[in-house]
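Fold and geometry: a report
One letter stands for each residue in the lines below.
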2 protein chains.
Amino acid sequence: MTRRSLRLTWVGVALLPGIAWAAGGGVVGENLLWLAIILMAARLFAPLAQRIGFPAVLGELLLGVALGNLSLLGISYFDTIARDPIIAFMAELGVIVLMLQIGLETRLADLVKVGGRAAGVGLIGIAIPFSLGAFVVGPWLLPGLGTNAYLFLGATLAATSVGITGRVFRDLGQLGTAEARIVLGAAVIDDVLGLVILAVVSGLVQAGTVSLGEVGGIIANAALFLVGSIVIGRALAPYSSRWLARLDSGHSMLFAQVLATGLFMAWLAHLAGLAPIIGAFAAGLLFEPLFLKAFDVPSIVREVEKLLPGGGQPDGKPGAADTRVDELVNSLRETLTRHTRHQHEHMLEPIGYFFVPVFFVLTGMQVDLATLADPAIVAVALGVTTAAVVGKLLAGFAAGRGVRTWVVGWGMVPRGEVGLIFAMVGKQLGVMNEAMFSVIVIMVILTTLITPPVLTLLLRKPPHAGESMGPAD
Amino acid sequence: MTRRSLRLTWVGVALLPGIAWAAGGGVVGENLLWLAIILMAARLFAPLAQRIGFPAVLGELLLGVALGNLSLLGISYFDTIARDPIIAFMAELGVIVLMLQIGLETRLADLVKVGGRAAGVGLIGIAIPFSLGAFVVGPWLLPGLGTNAYLFLGATLAATSVGITGRVFRDLGQLGTAEARIVLGAAVIDDVLGLVILAVVSGLVQAGTVSLGEVGGIIANAALFLVGSIVIGRALAPYSSRWLARLDSGHSMLFAQVLATGLFMAWLAHLAGLAPIIGAFAAGLLFEPLFLKAFDVPSIVREVEKLLPGGGQPDGKPGAADTRVDELVNSLRETLTRHTRHQHEHMLEPIGYFFVPVFFVLTGMQVDLATLADPAIVAVALGVTTAAVVGKLLAGFAAGRGVRTWVVGWGMVPRGEVGLIFAMVGKQLGVMNEAMFSVIVIMVILTTLITPPVLTLLLRKPPHAGESMGPAD
């Protein structure tokens, strides 16, 4: 046996990683504590933020800023969280779940209705900030750099990050408004256009020319994914739902179908070069309540339904008491139907409670207050930030009449992680120096942190007379 | 500014990892696909397993075995899943959530009631398999190795992994039985005793002697964590629940409190040297429905309740119709109360649907069918496995009268990841050769895969006349 056993050496080797996870390394242990802290702290900060009138996401962002800058007070324990790949993946899952939820709460037909307006907002929201950055504030506030550097600054100002805005709309229960739908549609368009701009600018920097074929390829790829996955997905969803419900009509199957589709399309979007969250949002658009009716309702709905007398038809002479029974039964039925219709929107909530705060706390932790220590940098950054905000606010006017243009404009303001990615590419290509990079970091910080309170104030203001709140167009 | 900007170089460096996660590397993308596949495949396999009469966990384990051994057919795509640290952390989270759920569904008082029996089962379930491995089957089936190797074999046979058994009991709705409580209690005791054995055997191997102080320290540490956290936790839980509910009585706060406590205590257990899942189980024991009554009920319960006439007192002359109303209202109230009382047990389910299968699929993927290719190794492994099973079945008799001893015995059989960890330590210390390691891997595979079907058959059999199903003692 000793001779033969040599052949089995690789068994032990193959098992090594498995054993490492089972044993739970030190990092795994710390991650458990971090997740507990983020989960609980986010839940504690949320009501505090809401008490002073702001959405929960602001609490989570500020918590992140606080945790991420404790090192300024000499406490460096939390610094490693922001660098941990496992926590980073949890954050990515969080924003994917958030955009899947937002997709589930958005009807595709409503989004198509505002398609023209969204395209206008998206295009202008790219064109104006890009031009401002590349041809105005860049050469003026950061003189002496090359054209390529200004082009990259423009690209960074053109970025749109929809996570923050989507969350604010959702926290305030405004996802059903025309403004929210226009911003969501424009964000999808901007994710495609952002890719194009990044490719064009990178091409100019590296080769001095732009390959039209490459740009066409990027657009074709992204459009193919978006149109293809939504058309095919919506054609398949009713059949897959019926087939899965026949196998197991339980709540867990419904949940698995929706979440697995979201993860799968996030991966597909990533393959097509788009942000995973765009894929998750598109996945949410695939499921209409109608497709999911083959699944069981939650057990409490089933049990209450069983108690109600069948059909609701009076079984004797009508009388005062009978009317009371019928009224009660009817209103109970209505409540149950309402809950059942929206069950697929709410079922992801526990997953969301767990992961979504990780994304926003981690986003807050990227805010390095030390960048604010240099007055010269801050002054330039304020100028660039002004251009960044003005550019997107102007885009809001493309939303047309009947909607609150300021809400749309501010909804496009946060640059979030997308702006940072663009700046990073510019730095890797060697066109962006440290000063410009710091300026962009501050711009991203400011646009990301200012938006939630401003949007809250705008959304709280009652709409002007004559401005419709319903679906536009 | 160019001079000053040098000071800010580290801003970019500090942001690098953050940007890496925002950009979503290739690995992050693949992980999304893997999670989608595991989630959906587990949900598809579960009803198939249940259709042939077995718990869902068997479907997940076999799915893992299939995915993990596709490389035998030349498909090596899935091999990297088992090695990915992010998927591994998801698996760890899965078994932590599972044990937290099991803890929530277990009343501490019921566990204390079977404490004596559980201690007996735990002690004998360590002593007999250890003796069999170290002094009987080791020297007999693997002759020519040193005493230390046999001691390590004994330690491996003494291990208990409660994840598989807990899941089978839960899948079959048998967590409320005395047998389930005895197995859970014995598993907690065995986790402590397993640590002690590992320390003693390692001490003998490395120093030739055992430090009584070290052993005492391990026991004191583990006991301090278990008793301390449960006593302090249960004293604090009612106050923290009331305080948190005052801040925000929503469902999300209740969810966050329970899940964050589970993660926190998993981390504490890890610090005390115990398995994180023991901490999660202990955390589940802290929360009694009574502590959580300050939290809101789910919105559907609240809305149905609002529709019901107040107090249930007849407001007019009693009549046939009035009786009908009262009856309906009373049964509705009863349904609502039942759902509210158990809400904290069910609220983790979506998290569980997502993560728990990751653990069991990954456990299945550790099964390397190639180990079964060598008949000599397999023959020895079958002998060792028999000793492993017999040793734990004998421990079942310590459960005493009034319970199904075979159910308790088989509940202790799976060695799972704990057995692998012990074997790995032995290998790292150089006392265990490749042949013995392969034998142990096969033993772990067999005890882990055999238990779910056997336990299902035993639990399906009606209890003998005269055997009580209620709480023992």
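Calculation criteria
Residues numbered from 1 in each chain as written. Chains lettered and ligands numbered in written order. Predicted model: local features only at pLDDT ≥ 70, side-chain atom pairs only at ≥ 80, totals over all residues. Heavy atoms only, no water. Helix = DSSP H or I, 4+ residues; strand = E, 2+ residues; numbered from the N terminus. Buried < 20%, exposed > 50% of the residue type's maximum accessible area, 1.4 Å probe, protein only. Contact = heavy atoms within 4.5 Å. Areas by Shrake-Rupley, 256 points an atom, 1.4 Å probe, with all protein chains shown as cover. Axes fitted to C-alpha atoms, helices over the stretch in contact; angles between N-to-C directions. Parallel < 35°, antiparallel > 145°, perpendicular 65-115°, else oblique. Left-handed = near helix turned anticlockwise from the far one by under 90°. Nonpolar A, V, L, I, M, F, W, Y, C, P; charged D, E, K, R; others polar. Core = buried A, V, L, I, M, F, W, Y, C linked by side-chain atoms within 4.5 Å. Salt bridge = Lys/Arg side-chain N within 4 Å of Asp/Glu carboxyl O. Patch = residues over 30% accessible without salt bridge, like charges linked within 9 Å, V, L, I, M, F, W, Y side chains within 5 Å. pLDDT = per-residue confidence, 0-100. Phe/Tyr/Trp six-rings, centres within 6.5 Å; stacked < 30°, edge-to-face > 60°. Polar contact = N/O pair within 3.5 Å; in protein donor to acceptor, adjacent residues only side chain to side chain. Expected span 1.5 Å × (residues − 1).

Okay, the overall build of chain A next. Looking only at helices and strands, chain A features 21 helices and zero strands. In chain A, which comprises 473 residues, the share counted as buried stands at 60%. Expressed as a percentage of contacts within chain A between residues at least 6 apart in sequence, the contacts between residues at least 24 apart total 82%. Accessible surface, chain A as shown: approximately 17600 Å² in total, 66% of it carbon and sulfur.

Attention now moves to the packing of helix α4 (residues 56-68) of chain B against helix α17 (residues 349-365) of chain B. Residues and elements named next belong to chain B. α17 packs onto α4 with a crossing angle of 50 degrees between their chain directions and a minimal axis gap of 6 Å. Relative to α17, α4 is oriented oblique. Where α4 crosses over α17, the two elements pack in a sense that is right-handed. Residues Val57, Glu60, Leu61, Leu63, Gly64, Val65, Leu67 and Gly68 of α4 lie in contact with α17, whose contacting residues are Val356, Pro357, Phe360, Val361, Thr363, Gly364 and Met365. Taken together, the residues of the contact of α4 with α17 break down into ten nonpolar, four polar and one charged.

The next subject is the nonpolar core. Counting residues in hydrophobic clusters, the biggest one holds 255 residues, and the most contacted among them are Leu259 and Phe354 of chain A together with Leu259 and Phe354 of chain B. Residues Phe130, Ala134, Leu142 and Ala435 of chain B belong to the second largest nonpolar core, which totals 44 residues.

Once that is clear, we can look at the environment of leucine 39 of chain A. Mapped onto the elements, leucine 39 of chain A comes out in helix α3 (residues 26-51). Judged by relative accessible area, which is 1%, leucine 39 of chain A ranks as buried. For the pair leucine 39 of chain A and tyrosine 239 of chain A, spaced 200 residues apart in sequence, the C-alpha to C-alpha distance is 37 Å. With residues up to four places along the chain from it excluded, the contact list for leucine 39 of chain A reads Tyr353 and Phe354 of chain A together with Ala256, Leu259 and Ala260 of chain B.

Residues and elements named next belong to chain B. Under the counting rule described, the total for this entry stands at 16 salt bridges over all chains. Ionic pairing is found between glutamate 179 and arginine 404, a salt bridge with its closest N-O pair at 3.1 Å. Here glutamate 179 is found in helix α10 (residues 178-207), whereas its partner arginine 404 is found in the loop between α18 (375-396) and α19 (405-411), with 225 residues between them in sequence.

All names here are of chain A. On the surface, Val227, Val231, Ile232 and Leu236 cluster together into a nonpolar patch covering about 390 Å² of accessible area. Tracing the sequence through the fold places valine 227 in helix α11 (residues 212-247). A relative accessible area of 53% means that valine 227 is categorised as exposed.

Residues and elements named next belong to chain A. On average, residues of chain A score 79 in pLDDT, and 84% of them reach the 70 mark or higher. Segment residues 1-26: pLDDT under 50, and 53 contacts once partners within four positions in sequence are set aside and those in other chains are kept. Predicted confidence is poor over residues 465-473, with pLDDT under 50, and the contacts of this stretch with residues over four places away or in other chains come to 20 contacts. Both scores are available for the predicted complex, with the pTM at 0.81 and the ipTM at 0.79.

Right, let's talk about the packing of aromatic side chains for a bit. Counted according to the given criterion, the structure contains 13 aromatic pairs over all chains. Here the aromatic rings of phenylalanine 264 of chain B and tryptophan 267 of chain B are separated by 5.8 Å at their centres, their planes lie at 40 degrees, and the arrangement is tilted. Of this pair, phenylalanine 264 of chain B and tryptophan 267 of chain B both sit in helix α12 (residues 251-271), separated by three residues, roughly a single helical turn. Look at phenylalanine 359 of chain B and phenylalanine 360 of chain B: their rings are 5.0 Å apart centre to centre, the planes differ by 85 degrees, and that puts the pair in the edge-to-face class. Both residues of the pair, phenylalanine 359 of chain B and phenylalanine 360 of chain B, count as buried. Ring pairing ties together the aromatic residues Phe354 and Phe355 of chain A together with Phe354 and Phe355 of chain B, which thus form one cluster.

Counted residue by residue, helix α13 (residues 276-286) of chain A has eleven buried out of eleven residues, so it is predominantly covered. Buried within α13 of chain A we find Pro276, Ile277, Ile278, Gly279, Ala280, Phe281, Ala282, Ala283, Gly284, Leu285 and Leu286 of chain A.

Our next topic: the side chain of serine 202 of chain B. Residues and elements named next belong to chain B. Looking at the secondary structure, you find serine 202 in helix α10. A polar contact is formed between the side chain of serine 202 and the backbone oxygen of leucine 198, at a distance of 2.6 Å. Aside from chain neighbours lying at most four places away, what touches serine 202 is Phe152, Val425 and Leu429.

As a further point, take the environment of methionine 347 of chain B. Within the secondary structure, methionine 347 of chain B sits in the loop between α16 (343-346) and α17. Looking at methionine 347 of chain B, the relative accessible area reads 5%, which means it is buried. Distance in space between the C-alpha atoms of methionine 347 of chain B and histidine 251 of chain B is 8.7 Å, their sequence separation being 96 residues. Those residues in contact with methionine 347 of chain B that sit more than four places away from it in its chain are Pro350 of chain A together with His251, Leu254, Phe255 and Val258 of chain B.

Turning our eyes to something else, we now look at the environment of leucine 394 of chain A. Residue and element names in this part refer to chain A. With respect to the helices and strands, the residue leucine 394 is situated in helix α18 (residues 375-396). On the basis of relative accessibility, which here comes to 40%, the residue leucine 394 falls in the partly exposed class. Linking leucine 394 and alanine 376, residues 18 residues apart in sequence, is a C-alpha distance of 28 Å.

Residues and elements named next belong to chain A. Following both chains from N to C, one finds helix α7 (residues 115-141) and helix α10 (residues 178-207) inclined at 40 degrees, their axes separated by 8 Å at the closest point. For the element pair α7 / α10, the angle class is oblique. Between α7 and α10 lies a crossing whose hand is right-handed. Only Ile182, Gly185, Ala186, Ile189, Asp190, Leu193, Gly194, Ile197 and Val201 of α10 make contact with α7, whose side of the interface consists of Arg117, Ala118, Ala119, Val121, Gly122, Leu123, Ile126 and Phe130. Taken together, the residues that form the contact of α7 with α10 break down as twelve nonpolar, three polar and two charged.

With that settled, the discussion passes to the side chain of asparagine 69 of chain A. Residue and element names in this part refer to chain A. Looking at the secondary structure, you find asparagine 69 in the loop between α4 (56-68) and α5 (85-104). Here the side chain of asparagine 69 touches valine 65 through a polar contact of 2.8 Å, landing on its backbone oxygen. Reaching out from asparagine 69, the side chain makes a polar contact with the backbone nitrogen of leucine 369 at a distance of 2.9 Å. Ignoring sequence-local partners within four residues, the contact set of asparagine 69 consists of Val367, Asp368, Leu369 and Ala370.

Before going further, it helps to spend a moment on α5 of chain A. Residues and elements named next belong to chain A. The terminal C-alpha atoms of α5, which comprises 20 residues, lie 28 Å apart, in line with the 28 Å expected from a rise of 1.5 Å per residue. α5 sits mainly inside the fold: 19 of its 20 residues count as buried. Put simply, aspartate 84 is the residue that caps the front of α5, since its side-chain oxygen is 2.9 Å from the backbone nitrogen of isoleucine 86.

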